[in-house]
Amino acid sequence: MRFELAVLPGDGVGPEVVAEAVKVLQAVGRRSGHEFVLHYGDIGGAAIDKHGVSLTKDTLKMCKRCHAVLLGAVGGPKWDDPLAKVRPEDGLLEIRKGLGLFANLRPVKVLPMLIDSTSLKPEVIRGVDMVMVRELTGGLYFGKPKRQWRTSKGRRAVDSMTYSEAEIERIIRAGYELARTRRRKLTSVDKANVLESSRLWRQIAIELSPDYSDVELEHQLVDACAMRLIQSPSQFDVIVTENTFGDILTDEASMLAGSLGMLPSASIAGIPQAGKRIFGLYEPIHGSAPRRAGQNMANPIATILSGAMMLRYSLGLAAEADKVETAINSVLEDGYRTYDIMSEGMKKMGTREMGELIASKIA
Ligand code: IPM
Ligand code: MN
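Note that the structure is predicted; figures quoted are calculated from it, not measured.

Draft legend 1. Up close: the domain arrangement of the protein chain. According to the domain assignment, the protein chain contains domain 1 (1-107 + 258-363) and domain 2 (119-257). Measuring from the centre of the C-alpha atoms in domain 1 to the corresponding centre in domain 2 gives 24 Å. On the side of domain 2, 21 residues touch domain 1, which itself brings 19 residues to the contact. In total, domain 1 and domain 2 occlude about 2,000 Å² of area from one another, counting both sides; carbon and sulfur atoms represent 66% of this. Of all residues in domain 1, the largest losses of buried area upon contact with domain 2 belong to Phe102, Arg106 and Gly258, amounting jointly to 32% of the total for that side. Counting every contact that joins domain 1 to domain 2 gives zero salt bridges. Scanning the region where domain 1 abuts domain 2 turns up seven residue pairs in polar contact (both at pLDDT 80 or more). For the side of domain 1 that touches domain 2, the secondary-structure elements that each account for two or more residues are α4 (88-98) and β4 (103-109). Considering every element that reaches the side of domain 1 that touches domain 2, the biggest residue donor is β4, with five residues. When the residues that make up the side of domain 1 that touches domain 2 are grouped by side-chain class, the tally is 11 nonpolar, five polar and three charged.

Below, the structure written as structure tokens:
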């Protein structure tokens, strides 16, 4: 088949890691006979420099015409002025909203050969294999009113955590469906002891449970979940939560895997179900790492794994996705490491060497 892919390299190490993921996808194409047609566009600081905005309407349109989007990273010190009118991060929020990417999937898996590169005790993180499902287009990030103003008693600001039933239902269903393909346990995370939006969230999670009687549902309050994530992380299978809670918990969970450089993400516009192709955007969890940019240092594995998620969810090529993951495991088993996961006795490689090695192992 022929697939149209939008590629938005972005800032910092973004272009370097995306280039390697593209090499791996091309290797997959050669092996499988599928054709990936690439359409490049700008986002973030790179777009601000060229077009004055962090995402142009044309780029958004181009993405809509594709089967999926591969993104590097956005941001950097050059565009960091808190008073700036345009910010690289705005491009990310606009593309999420503009493409309807309401479900953000962030898998966290501890690979046995990297167990020593984390800051937690090996016995705590052994066996960790979870997916965080974060609601991505609602809650505090987009809720109205959202503004800052002056009053006679000083300045004041408001953000709104608002959710509709439909918004909650689709993300909870995404969590249930994903749990079905895994260990059949869904942890719904909220703050139902305080927040009204969380009480609605919890009610809907419970109301939907008869549709998924094969999945065990549990509820955790977000503060308790933050604690359990580092106390006993292997208890989790699929976690589903709202936007801001998910933003914080996914950063916390990412530390279980040792390096941010290993973690992919998918932001999809539908409920994942076997055999269904869903439009989505795929990017590494890590940021633009400006200090590492241009040095052939960054770990491309997170972006390559994001490419694997793209094959699985948006292109319906699950077997090819497995091949990419197998290639990565074999390179790691052979002792090859980028600087962020380097340990004694291992062989250190740059971004390009790592990408090319993985591409060469695609079966
Ligand atoms: C993330 C990032 C973004 C977010 C920022 C860059 C807007 O932290 O993808 O988690 O908060 O969603
Ligand atoms: Mn974040």
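Read on for the rest.
Draft legend 2. Quick look at helix α7 (residues 196-208). Between its first and last C-alpha, α7 extends 19 Å over 13 residues, near the 18 Å set by a 1.5 Å rise per residue. Those residues of α7 that fall on the buried side of the exposure criterion are Ser197, Ser198, Trp201, Ile204, Ala205 and Leu208. Seen along its axis, α7 keeps its buried residues to an arc of 125°; they face one direction. Of the exposed residues in α7, those oriented more than 90 degrees away from the buried face are Glu196 and Glu207. Turning to α7, the residues buried within the fold contact β5 (129-135), α6 (165-180), β8 (185-190), β9 (216-221), β10 (238-241) and α9 (243-254).

Draft legend 3. Geometry of the confidence of the model for the protein chain. Summing up the model confidence of the protein chain, the mean pLDDT is 96 and the portion of residues at 70 or higher is 100%. Mean pLDDT values over the elements of the protein chain span from 92, in helix α5 (residues 122-125), up to 99, in β8.

Draft legend 4. Up close: the site of ligand 1. Taken together, Glu89, Arg96, Arg106, Arg134, Tyr141 and Asp247 make up all the residues around ligand 1. In the model, an oxygen atom of ligand 1 is placed 2.8 Å from a nitrogen or oxygen of the Arg134 side chain. Between ligand 1 and Tyr141 there is a distance of 2.6 Å, counted from an oxygen atom to a side-chain nitrogen or oxygen. The residues that make up the shell around ligand 1 include at least three from each of domain 1 (1-107 + 258-363) and domain 2 (119-257).

Draft legend 5. Region of interest: a positive patch on the surface. On the surface, Lys57, Lys61, Lys64 and Arg65 cluster together into a patch of positive charge. Position of Lys61 among the secondary structure elements: in helix α3 (residues 57-64).

Draft legend 6. Quick peek at the side chain of Asp42. Tracing the backbone shows Asp42 in the loop between β2 (35-40) and α2 (45-51). Given a relative accessible area of 18%, Asp42 falls into the buried group. There is a polar contact of 3.1 Å between the side chain of Asp42 and the side chain of Lys50. Engagement of the side chain of Asp42 in a polar contact is seen with the side chain of His51, the distance being 3.1 Å. If near-sequence neighbours (up to four positions away) are discounted, Asp42 is found in contact with Leu8, Ala47, Lys50, His51, Leu55 and Thr59.

Draft legend 7. Seen up close, the pattern of salt bridges. Tallied over the full model, the rule gives 20 salt bridges. Among the ionic pairs, Arg2 bridges to Glu35, the shortest N-O distance being 4.0 Å. Here Glu35 lies in strand β2 and Arg2 lies in strand β1 (residues 2-10), a separation of 33 residues in the sequence. For Glu35, a relative accessible area of 41% corresponds to the partly exposed category. A salt bridge links Asp334 to Lys361, with the shortest nitrogen-to-oxygen separation between them at 3.4 Å. With Asp334 in the loop between α11 (318-333) and β13 (336-337) and Lys361 in the segment after α12 (351-360), the pair connects residues that are 27 residues apart, well separated along the chain. On the basis of relative accessible area, Lys361 is assigned to the partly exposed category, the value being 34%. Salt bridges linked by common partners bring Arg2, Glu4 and Glu35 together as one network.

Draft legend 8. Seen up close, unusual backbone geometry. Along the chain, Lys144 connects to Pro145 via a cis peptide bond; the corresponding omega equals 0°. Mapped onto the elements of the fold, Pro145 is located in the loop between β5 and β6 (147-151). Positive phi, normally seen in glycine, also occurs at Arg184, with a value near 60°. Among the structural elements, Arg184 can be located in the loop between α6 and β8. A relative accessible area of 37% places Arg184 in the partly exposed class. Residues other than glycine seldom take positive phi values, yet Ala289 does so here, at roughly 40°. Note on placement: Ala289 falls in the loop between β12 (280-284) and α10 (301-313).

Scoring rules and cut-offs
Residues numbered from 1 in each chain as written. Chains lettered and ligands numbered in written order. Predicted model: local features only at pLDDT ≥ 70, side-chain atom pairs only at ≥ 80, totals over all residues. Heavy atoms only, no water. Domains from an automatic or database assignment. Contact = heavy atoms within 4.5 Å. Buried area = accessible area lost by both parts, 1.4 Å probe. Salt bridge = Lys/Arg side-chain N within 4 Å of Asp/Glu carboxyl O. Polar contact = N/O pair within 3.5 Å; in protein donor to acceptor, adjacent residues only side chain to side chain. Helix = DSSP H or I, 4+ residues; strand = E, 2+ residues; numbered from the N terminus. Nonpolar A, V, L, I, M, F, W, Y, C, P; charged D, E, K, R; others polar. Expected span 1.5 Å × (residues − 1). Buried < 20%, exposed > 50% of the residue type's maximum accessible area, 1.4 Å probe, protein only. Arc of directions from axis to C-beta. pLDDT = per-residue confidence, 0-100. Near = heavy atom within 4 Å. Patch = residues over 30% accessible without salt bridge, like charges linked within 9 Å, V, L, I, M, F, W, Y side chains within 5 Å. Areas by Shrake-Rupley, 256 points an atom, 1.4 Å probe, with all protein chains shown as cover. Lys, Arg positive; Asp, Glu negative; His and termini not counted. Charge placed at Lys NZ, Arg CZ, Asp CG, Glu CD.

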